[in-house]
Amino acid sequence: MKSVENTTTVTEGKNIAIIAYITVIGLIIAFVMNNDKKNPFAAFHIKQSLGLALTGFALGIIGIIPIIGWLINIIGIFVLVYMWIMGLLNAINGTEKVVPILGNKYAEWFKNL
């Protein structure tokens, strides 16, 4: 019985989860769309996407620092794109796996959201 519920939850939340990974505006739209439904699959991916967005924002701030900040920013952007692609693929495939590297931290930080 649990797998039927889980399959239904994933199917219903899949579109919201995918939208969450498409720009910050998509993240806001997904958050509003999931506000009424409270789909756990969509909520998981919204939290992961929020973590990626905040990491990108932090990298942008670090990129202001000359030379060392620029290097960290360039490397960080490549890592961030890799994590974003993995998160998007997980949402498309209907799996609830955390994004590599910082995904567990995102789940911990945003567990009350």
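Placed above this text is the structure.
Fair warning: this is a prediction, and the values are worked out from it, not measured in the lab.

Thresholds applied
Residues numbered from 1 in each chain as written. Predicted model: local features only at pLDDT ≥ 70, side-chain atom pairs only at ≥ 80, totals over all residues. Heavy atoms only, no water. Helix = DSSP H or I, 4+ residues; strand = E, 2+ residues; numbered from the N terminus. Contact = heavy atoms within 4.5 Å. Areas by Shrake-Rupley, 256 points an atom, 1.4 Å probe, with all protein chains shown as cover. Lys, Arg positive; Asp, Glu negative; His and termini not counted. Charge placed at Lys NZ, Arg CZ, Asp CG, Glu CD. Phe/Tyr/Trp six-rings, centres within 6.5 Å; stacked < 30°, edge-to-face > 60°. Axes fitted to C-alpha atoms, helices over the stretch in contact; angles between N-to-C directions. Parallel < 35°, antiparallel > 145°, perpendicular 65-115°, else oblique. Nonpolar A, V, L, I, M, F, W, Y, C, P; charged D, E, K, R; others polar. Expected span 1.5 Å × (residues − 1). Buried < 20%, exposed > 50% of the residue type's maximum accessible area, 1.4 Å probe, protein only. Arc of directions from axis to C-beta. Core = buried A, V, L, I, M, F, W, Y, C linked by side-chain atoms within 4.5 Å. Polar contact = N/O pair within 3.5 Å; in protein donor to acceptor, adjacent residues only side chain to side chain. Patch = residues over 30% accessible without salt bridge, like charges linked within 9 Å, V, L, I, M, F, W, Y side chains within 5 Å. Salt bridge = Lys/Arg side-chain N within 4 Å of Asp/Glu carboxyl O.

Visitor: Looking at this model, I keep getting lost on the overall build of the protein. Mind explaining?
Guide: Along its length, the protein carries five helices and zero strands. In the protein, the succession of helices and strands from N to C terminus is α-α-α-α-α. The C-alpha extent of the protein, read off along each of the three principal axes, is 55 × 25 × 20 Å. For the protein, restricting intrachain contacts to residue pairs at least 6 apart in sequence, the fraction spanning at least 24 positions comes to 63%. Just so you have it, the protein exposes about 7,200 Å², and 72% of that area is on carbon and sulfur atoms. Of note, the protein has its 8 positive side-chain charges centred 6 Å away from the centre of its 5 negative side-chain charges.

Visitor: Where do I start with the packing of aromatic side chains in this structure?
Guide: For any pair of aromatic rings, the description consists of the separation of the ring centres together with the inter-plane angle of the planes. Following the criterion strictly, the structure yields one aromatic pair and no others. On the numbers, 6.1 Å between centres and 55° between planes, the contact of Tyr106 with Trp109 is tilted. Of this pair, Tyr106 and Trp109 both sit in helix H5 (residues 103-109), three residues apart, roughly one helical turn.

Visitor: Got a minute to help me understand the packing of helix H3 (residues 40-62) against helix H4 (residues 68-93) in this structure?
Guide: In a pair of packed helices, the angle between the axes and the distance between the axes together describe the arrangement. Orientation of H3 relative to H4, taken along the N-to-C sense of each, is 170°, at an axis distance of 9 Å. With respect to H4, the axis of H3 lies roughly antiparallel. Residues Phe41, His45, Leu52, Thr55, Gly56, Leu59 and Ile62 of H3 lie in contact with H4, whose contacting residues are Gly69, Ile72, Asn73, Gly76, Ile77, Leu80, Met83, Trp84, Gly87, Asn90 and Ala91. Among the residues making up the contact of H3 with H4, the classes are represented as 10 nonpolar, eight polar and no charged.

Visitor: Sorry, what's going on with helix H2 (residues 23-37) here?
Guide: An α-helical turn contains 3.6 residues, so any two residues separated by three or four positions project in the same direction. The first and last C-alpha atoms of H2 sit 22 Å apart over 15 residues, in line with the 21 Å expected at 1.5 Å per residue. Considered for burial, the residues of H2 that qualify are Gly26, Leu27, Ala30 and Asn34. Summarising the axial view, the buried residues of H2 lie within an arc of 100°, below the 170-degree limit, and thus occupy one face. Along H2, the residues that are exposed and aim more than 90 degrees away from the buried face are Val24, Ile25, Ile28, Val32 and Asp36. Within two residues after H2, Lys38 carries a phi angle of roughly 55°, on the positive side.

Visitor: I would appreciate a short explanation of the nonpolar core in the present structure.
Guide: For soluble globular proteins, the rule of thumb is that nonpolar side chains tend to be buried together. Among the nonpolar cores identified, the biggest contains 13 residues, and Tyr21, Leu52, Leu80, Met83, Val99 and Tyr106 are the most heavily contacted of them. Taken together, the elements giving at least two residues each to this core come down to helix H1 (2-20), H3 and H4. With four residues, H4 is the largest single contributor of residues to this core. Dropping the residues within four chain positions of it, Leu52 is found in contact with Tyr21, Leu80, Met83, Trp84, Val99 and Tyr106. Formed by six residues, the second largest nonpolar core is a distinct cluster that contains Ile16, Ala20, Leu27 and Ala30.

Visitor: Any chance you could explain H3 here in plain terms?
Guide: The terminal C-alpha atoms of H3 lie 33 Å apart, and with 23 residues this matches the ideal 33 Å at 1.5 Å per residue to within 8%. Among the residues of H3, those classed as buried are Phe41, Ala42, Phe44, His45, Ile46, Lys47, Gln48, Ser49, Gly51, Leu52, Thr55 and Leu59. Between a side-chain oxygen at the N-terminus of H3 and the backbone nitrogen of Phe41 the separation is 2.9 Å; the capping residue is Asn39.

Visitor: Whenever I open this one, a nonpolar patch on the surface confuses me. Can you help?
Guide: A surface patch of nonpolar side chains, amounting to about 670 Å² of accessible area, comprises Ile62, Ile65, Ile67, Ile68, Trp70, Leu71 and Ile72. The dominant element in the nonpolar patch, judged by the number of residues it contributes, is H4, at four residues. Mapping Trp70 onto the fold places it in helix H4. Exposure remark for Trp70: the relative accessible area of 46% places this residue in the partly exposed category.

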